[in-house]
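Okay, here's what each chain looks like letter by letter:
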Amino acid sequence: MTDSDIVLYELDGNVAIITLNRPEKRNAVSDRLIEALGTVVARAQKEAKAAVICGEGKHFCAGLDLAEHVKRSPIEGVHHSRLWHAIFETIEGGAIPFFSALHGAVVGGGLELAASTHIRVADSSTFFALPEGTRGIFVGGGGSVKVGRLCGVARMTDMMLTGRTVSAELGESWNLCQYVVPEGTARDFAIDLARKAAQNAEMSNYAILQALPRIADMARSDGLFVESFVASMTQTSPEAEERLNAFLTKKAARLAHPDR
Ligand code: 1HE
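Residues numbered from 1 in each chain as written. Predicted model: local features only at pLDDT ≥ 70, side-chain atom pairs only at ≥ 80, totals over all residues. Heavy atoms only, no water.

> Where do I start with the nonpolar core in this structure?
The nonpolar side chains of a soluble globular protein tend to be buried with one another. Ranked by internal contacts, the top residues of the largest apolar core, which has 46 residues, are Ile18, Leu37, Phe60, Phe98, Phe128 and Leu176. The element best represented in this core is helix α2 (residues 31-47), accounting for seven residues. Not counting residues within four places of it along the chain, the set of residues in contact with isoleucine 18 comprises Val7, Leu8, Tyr9, Leu37, Val40, Val41, Ala44, Val52, Ile53, Cys54 and Phe98. Among the nonpolar cores identified, the runner-up in size contains 16 residues, and Ile17, Ala50, Cys54 and Val121 belong to it. (Core = buried A, V, L, I, M, F, W, Y, C linked by side-chain atoms within 4.5 Å. Buried < 20%, exposed > 50% of the residue type's maximum accessible area, 1.4 Å probe, protein only. Helix = DSSP H or I, 4+ residues; strand = E, 2+ residues; numbered from the N terminus. Contact = heavy atoms within 4.5 Å.)

So this is what it looks like as structure tokens:
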């Protein structure tokens, strides 16, 4: 397998579809895989308006490649973790929304990768786990910051200490995913959502992705102050004017009733 095969990239209209393609090793994240992921994510940020990350084979991702990990010195381990942080930051902190389509194992670094995407769609075969404790290691792909914020430190501690696996349904109630869909349909569902998000005003999407996580980290009064500026910048863009007029002149679609 060449470097370009280990992660597949396809541009479908303005949606990039990124597929982890190491099914024989359950898409375990080797150095080659993380570097290839970094390359395609950078490409998606340049040419797409939204992106989907999914996994080939029986599982989304079995996490860190444990075979490579045993050979690292302490300083190599630090550089390795920092490389994951940098690449995951290009997903979470970029200009376009990322959707992950999850199935089977979403484990360790696989959950850290999913937690770096903005929306997680899990099919009913999905299970989440953080087996780091049982493997004698720690999270290193941003999990202590991101997964703890999604589901809470107590639940993350439980997952790491006991190696507990969490089903898609329980994961949804824990905020590990936002959607649960029937087995085999997560990829299409996520692509559909990505297509919808890609139609939003670019400035709105940018504000949503960049402002919401920052405001969540701010003190209440700072957050409210920043919100006013972001709101004003967004709503005075030419695209906002066009879209608001389209609604007022009854040219824009009305909101649909909730699907459940
Ligand atoms: C691997 C890996 C891996 C599979 N690194 N090679 N991650 C884990 O602790 C999860 C370890 N994996 C598993 O628990 C299971 O493989 C699965 C539940 C994900 C899938 O089970 P199954 O029965 O479908 O597959 P399998 O037979 O266990 O694995 C197929 C092959 O993939 C096998 O190799 P083979 O040469 O014997 O065929 C496995 O060794 C290989 N494989 N997972 C290396 N992870 C930045 S820090 C992040 C820290 C972490 O991510 S810790 C969590 C690590």
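> Which parts of the structure should I look at to understand the pairing of strand β4 (residues 98-102)?
Within a regular strand, side chains alternate between the sheet's two faces. With five of five residues buried, β4 is to be regarded as a mostly interior element. Both faces of β4 are covered, namely the face carrying Phe98, Ser100 and Leu102 and the face carrying Phe99 and Ala101. Note: β4 against strand β6 (residues 119-123), four bridges, orientation parallel. Counterpart to alanine 101 in the pairing with β6 is valine 121. (Pairing = 2+ DSSP bridges.)

> Is there a simple way to explain the state of the cysteines in this structure?
Each disulfide consists of a covalent bond between the sulfur atoms of two cysteine residues. The tally for this structure, following the rule as stated, stands at zero disulfides. Cysteine 61 takes part in no disulfide bond, and the closest cysteine sulfur to it belongs to cysteine 54, at a distance of 12 Å. The buried category is assigned to cysteine 61, whose relative accessible area is 0%. (Disulfide = S-S within 2.5 Å.)

> Looking at this model, I keep getting lost on the pattern of salt bridges. Mind explaining?
One side chain can pair with another of opposite charge once the charged atoms of both are near each other. All told, the structure shown has nine salt bridges when counted by the stated rule. Here aspartate 31 and arginine 72 are joined by a salt bridge, their closest N and O atoms 2.8 Å apart. Of the two residues, aspartate 31 sits in helix α2 while arginine 72 sits in the loop between α3 (66-69) and α4 (74-92), which places them 41 residues apart along the sequence. Residue arginine 149 pairs with aspartate 217 through a salt bridge whose shortest N-O separation is 2.8 Å. Placement of arginine 149 in helix α7 (residues 143-151) and of aspartate 217 in the loop between α11 (202-216) and α12 (220-235) is noted, with a sequence separation of 68 residues between them. On the basis of relative accessible area, arginine 149 is assigned to the exposed category, the value being 58%. Relative accessible area serves as the criterion here: at 55%, aspartate 217 is assigned to the exposed category. (Salt bridge = Lys/Arg side-chain N within 4 Å of Asp/Glu carboxyl O.)

> Would you explain the environment of glycine 38 in this entry?
Inspection of the secondary structure assignment puts glycine 38 in helix α2. Here glycine 38 falls in the buried class, since its relative accessible area comes to 16%.

> It is not clear to me how the sheet that holds strand β7 (residues 127-129) should be interpreted in this structure. Could you clarify?
Strand pairing in a sheet is mediated by backbone hydrogen bonds. Such pairs are either parallel or antiparallel. Read from one edge of the open sheet, three strands run β5-β7-β8, paired in mixed fashion. For this open sheet the edge positions go to β5 (105-107) and β8 (165-167), each flanked by a neighbour on one side alone. Adjacent strand axes in the sheet meet at a mean angle of 25° when their direction is disregarded. As paired elements, β7 and β8 share three bridges and run antiparallel to each other. (Axes fitted to C-alpha atoms, helices over the stretch in contact; angles between N-to-C directions.)

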